[in-house]
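Here is how the chains run, residue by residue.
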Amino acid sequence: MAYRSIEMNLRVGCPIRCNFCPQSTFLNSDCGTKKVLSAEDFRVILDNASYQNAPIEVYFAGMSEPLAIPNWFELCQIAQSHPLVTYFSIFTTGYKITVEQIKALGQLNKLYLNVHVGDRQDMPGFDEEIWDKLWAIKKYIPLVHFEEVAFDVSKFTEINKKLDQHGLKYHFQPIISRAGNLESVGQVQLSHKKSNCAVTCDKVHEKKRPVILPDGTALACCNDYGCELKIGNLLHQKWDELDYKKIIAMQKNADSGLPCFRDCHLAVKDKSLTSKSLDLLNSWLVRTKNRLSTSIQ
Ligand code: SF4
Ligand code: SF4
């Protein structure tokens, strides 16, 4: 059976407040009725996602720092012990993590850790103490990856030096407009080229990794800080009932108002629609030609 993925957004609102993240859009959106995910609800969501014994991958990521809730470790243990979860990952800045917690995470063999590092200027709530704990992450967590988050290339160099000192591998994560939800970073205005043709993306076709808010609301993708791409609720519905078809249909209409048309870096022109339109045009031309030749005879 094919894998399913879910991206768990453990709380509404992130205390890190990075200047390249549209948190105010998220907080002002219709983002559900619960602020923090409970262990009880997480179990129901996992069961609904793995409906009909499908193996699942869980990503603790979304639009908020996963470690900024009191019960995050309990949720990791639930993911670890669920028989159908094959793998879970945490995308984190290492927010207030302790060496003891790092050691405990090292015992969870389904975990893949992804650490985003930056600085206080771009990420005001970033916990600088993480630099002193990188040795523990490297020592105790077998599967770990580091990402450098910076808009300014000079900062990138500076942060890389720190990671180099710890012998850590990293890759650069460029800033994106998050489907037009971010207007600017500092003084720099981001481009918001509006697409006026049908688009598509692998988030709603191949990948299908819905972002699940604490009240179970499922969003089609993690660029949707305005919560405009609702496809169902995984607390009350099974995986198969999530309505991707609605978003796919709306992506064919550039006037539908979806964030997909606001310069999303993952949106691509819908070529299938273009070739379908050409097919229709061709068949109309053939029919017209036949009709004309019949009337001439
Ligand atoms: S840590 Fe992540 S979710 Fe939180 S403000 Fe920064 S980019 Fe946004
Ligand atoms: S086009 Fe962009 S905003 Fe729209 S669903 Fe795909 S990834 Fe999300």
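For every chain, the first residue of the written sequence is number 1, and numbering continues from 1 onward in sequence order. Following the order in which they are written, the chains are lettered starting with A and the ligands numbered starting with 1. Totals for whole chains, interfaces and linings use every residue, but because this is a predicted model, local features are given only for residues with pLDDT of at least 70 and side-chain atom pairs only at 80 or more, for both listing and counting.

Some details on the site of ligand 1
Applicable threshold: Each residue gets a C-beta atom placed from its backbone. If that atom is within 6 Å of a molecule or strand, the residue is near it. Polar here means any residue other than Ala, Val, Leu, Ile, Met, Phe, Trp, Tyr, Cys and Pro, which are nonpolar, and Asp, Glu, Lys and Arg, which are charged; Gly is therefore polar.
Around ligand 1, the neighbouring residues are Cys14, Ile16, Arg17, Cys18, Cys21, Gln23, Met63, Ser64, Glu65, Thr93 and Met123. When the residues that make up the shell around ligand 1 are grouped by side-chain class, the tally is six nonpolar, three polar and two charged.

Some thoughts on the domain arrangement of the protein chain
The condition that has to hold: Domain ranges listed in this record stem from an automatic or a database domain assignment.
According to the domain assignment, the protein chain consists of domain 1 (4–266) and domain 2 (271–297). A straight line from the C-alpha centre of domain 1 to that of domain 2 covers 47 Å.

Description of the environment of glutamate 40
Quick reminder of the rule: Helix numbering and strand numbering both begin at the N terminus, where a helix is a DSSP run of H or I of at least 4 residues and a strand a DSSP run of E of at least 2.
With respect to the helices, strands and loops of the structure, glutamate 40 is situated in helix H2 (residues 39–49). For the pair glutamate 40 and glutamate 148, spaced 108 residues apart in the sequence, the C-alpha separation amounts to 34 Å.

Section: the packing of H2 against helix H3 (residues 72–81)
The test is simple: Interaxial angles span 0 to 180 degrees and are taken between N-to-C directions of axes, which are lines fitted to C-alpha atoms, for helices over the stretch in contact. Here roughly perpendicular refers to angles of 65 to 115 degrees, roughly parallel to angles under 35, roughly antiparallel to angles over 145, and oblique to all remaining angles. Helix crossings are classified by the rotation of the near helix relative to the far one: an anticlockwise turn of less than a right angle makes the crossing left-handed, while a clockwise turn makes it right-handed. Our contact criterion uses C-beta atoms placed from the backbone: two residues qualify when those atoms are within 7 Å.
For the pair H2 and H3, the least separation of the axes is 10 Å and the interaxial angle reads 25°. In terms of axis orientation, H2 runs roughly parallel to H3. Note that H2 runs across H3; the crossing there is right-handed. For the pair formed by H2 and H3, the contact residues are Ala39, Phe42 and Arg43 on the first element and Glu74, Leu75 and Ile78 on the second. For the contact of H2 with H3, the per-class residue count stands at four nonpolar, no polar and two charged.

Quick word on the site of ligand 2
The environment of ligand 2 is made up of 15 residues, and the closest members are Cys201, Cys221, Cys260, Cys264 and Ala267. Class assignment for the residues of the shell around ligand 2 results in twelve nonpolar, one polar and two charged.

Concerning the sheet that holds strand E10 (residues 211–212)
Quick note on the threshold: When DSSP finds two or more bridges between a pair of strands, those strands are recorded as paired.
Taken together, nine strands build an open sheet; the order of strands is E6-E5-E4-E3-E2-E1-E10-E11-E12 and the sheet is mixed. If you trace the sheet from one side to the other, it starts and ends with strand E6 (170–173) and strand E12 (230–233), each paired once. Where strand E3 (residues 85–92) and strand E4 (residues 111–117) come together, five bridges link them in parallel fashion. By the bridge assignment for E4, phenylalanine 91 is matched with asparagine 114.

Topic: the pairing of E4
Rules: With C-beta atoms placed from the backbone, a residue is buried if 20 or more other C-beta atoms are within 10 Å of its own, exposed if 12 or fewer are, and partly exposed between those counts. Here a crossover is taken to be right-handed if, once the strands point away from the viewer, the path from the first strand over the helix to the second is traced clockwise.
Counting buried positions along E4 yields five of seven residues, so the element is predominantly enclosed. Read as a crossover between parallel neighbours, the route from E3 over helix H4 (residues 99–105) to E4 is right-handed. Crossover handedness for the path E4 to helix H5 (residues 130–140) to strand E5 (residues 144–149): right-handed.

Some thoughts on H3
In plain terms, the rule: Note that the arc is defined by the directions from the helix axis to the C-beta atoms.
Taken together, the buried positions of H3 are occupied by Trp72, Leu75, Cys76 and Ala79. Buried residues of H3 fall within an arc of 105° about the axis and therefore sit on the same side. On the buried face of H3, the contacting elements are H2, strand E2 (56–60), E3, H4 and E4.

Points about unusual backbone geometry
Positive phi, normally seen in glycine, also occurs at alanine 179, with a value near 55°. Here alanine 179 is to be found in the loop between E6 and strand E7 (184–185). Backbone geometry at aspartate 263 places phi at a positive 65°, although glycine is not the residue there. On the secondary structure map, aspartate 263 appears in the loop between helix H8 (244–250) and strand E13 (268–269).

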